[in-house]
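So the chains spell out like this:
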Amino acid sequence: MNTGPGGHVSSTRSNEQAEDLTVELRSTINGTAIAVEISANDLLVDLVRDELGLTGTKRSCEVEVCGVCTVLVDGNPVSSCMLLASEVDGSNVVTIEGLRGTEFFRTAEEVFTRHAAVQCGFCTPGILLTLKAVADREVSDNLDIKKELSGNLCRCTGYQALLAAATELLT
Ligand code: FES
Ligand code: FES
């Protein structure tokens, strides 16, 4: 895996040799162990949205620019549009649905609402997952929140409110 925008982890999207192969995937999604047969070419975003119905993960640019497809893989924010689902075999995957009900989500909901940091909400799941990964790291005094969120674009362009909310959430 490589590091993409905003520290997101990416992988090679195409794999010609894997074409038409079916593989078994065993991993944990939002705390539940799964074992499914997938095409070796399936992307992680296809698995979570189309196979598992976890539609809080969005699909848009599909070239690792916008961050709306962000999920956490073993705690790291990942662009699921660029990662083969087979690569999360044995991993722990968290989508926005898995974050709901956590203390982090409740606090983020309150802070983002108070700062009016959610407009259409399309970018919000990816942003919250990226911030969750930052929060789970040891947050240092020189935390650069703009850099941390550089892989998550907001089409509604409410960046001032977003940064204010993210700053309050993480500091
Ligand atoms: S849809 Fe994955 S980064 Fe835009
Ligand atoms: S709130 Fe609409 S894309 Fe960010």
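Just above, that's the structure.
Only a predicted model underlies this, so the values are computations on that prediction, with no experimental measurement involved.

Criteria and thresholds
Residues numbered from 1 in each chain as written. Chains lettered and ligands numbered in written order. Predicted model: local features only at pLDDT ≥ 70, side-chain atom pairs only at ≥ 80, totals over all residues. Heavy atoms only, no water. Axes fitted to C-alpha atoms, helices over the stretch in contact; angles between N-to-C directions. Helix = DSSP H or I, 4+ residues; strand = E, 2+ residues; numbered from the N terminus. Parallel < 35°, antiparallel > 145°, perpendicular 65-115°, else oblique. Left-handed = near helix turned anticlockwise from the far one by under 90°. Contact = heavy atoms within 4.5 Å. Buried < 20%, exposed > 50% of the residue type's maximum accessible area, 1.4 Å probe, protein only.

Chemist: When you look at the packing of helix α3 (residues 103–114) against helix α6 (residues 159–170) in this model, what are you seeing that I'm missing?
Modeler: A pair of packed helices can be characterised by two numbers: the angle between their axes and the separation between those axes. Closest axis-to-axis distance for the α3/α6 pair is 9 Å, and the angle between their directions is 140 degrees. As summarised for this structure, α3 and α6 are arranged oblique, according to the angle between their axes. Note on packing geometry: the crossing formed by α3 with α6 is right-handed. Packed against α3, whose contacting residues are F104, T107, A108, V111, F112 and R114, the element α6 presents L162, A165, A166, E168 and L169 at the interface.

Chemist: Explain the packing of α3 against helix α4 (residues 124–136) here, please?
Modeler: Two elements in contact, α3 and α4, have axes separated by 11 Å at closest approach and are oriented at 120 degrees. In this view, α3 runs oblique relative to α4, as classed from their interaxial angle. The element α3 and its partner α4 pack so that their crossing is right-handed. Along its contact with α3, which presents F104, F105, A108 and F112, the element α4 presents I127, L128, L131, K132 and A135.

Chemist: Help me out: how do you make sense of unusual backbone geometry in this one?
Modeler: Most peptide bonds take the trans configuration, and most residues that are not glycine carry a negative phi. Its identity as a non-glycine residue notwithstanding, E64 has a phi of 60 degrees, on the positive side. With respect to the helices and strands, E64 occurs in the loop between α1 (44–51) and β5 (70–73). One non-glycine residue, A116, lies in the positive phi region at around 50 degrees. Position of A116 relative to the elements: it lies in the loop between α3 and α4. Given the relative accessible area of 54%, A116 is considered exposed.

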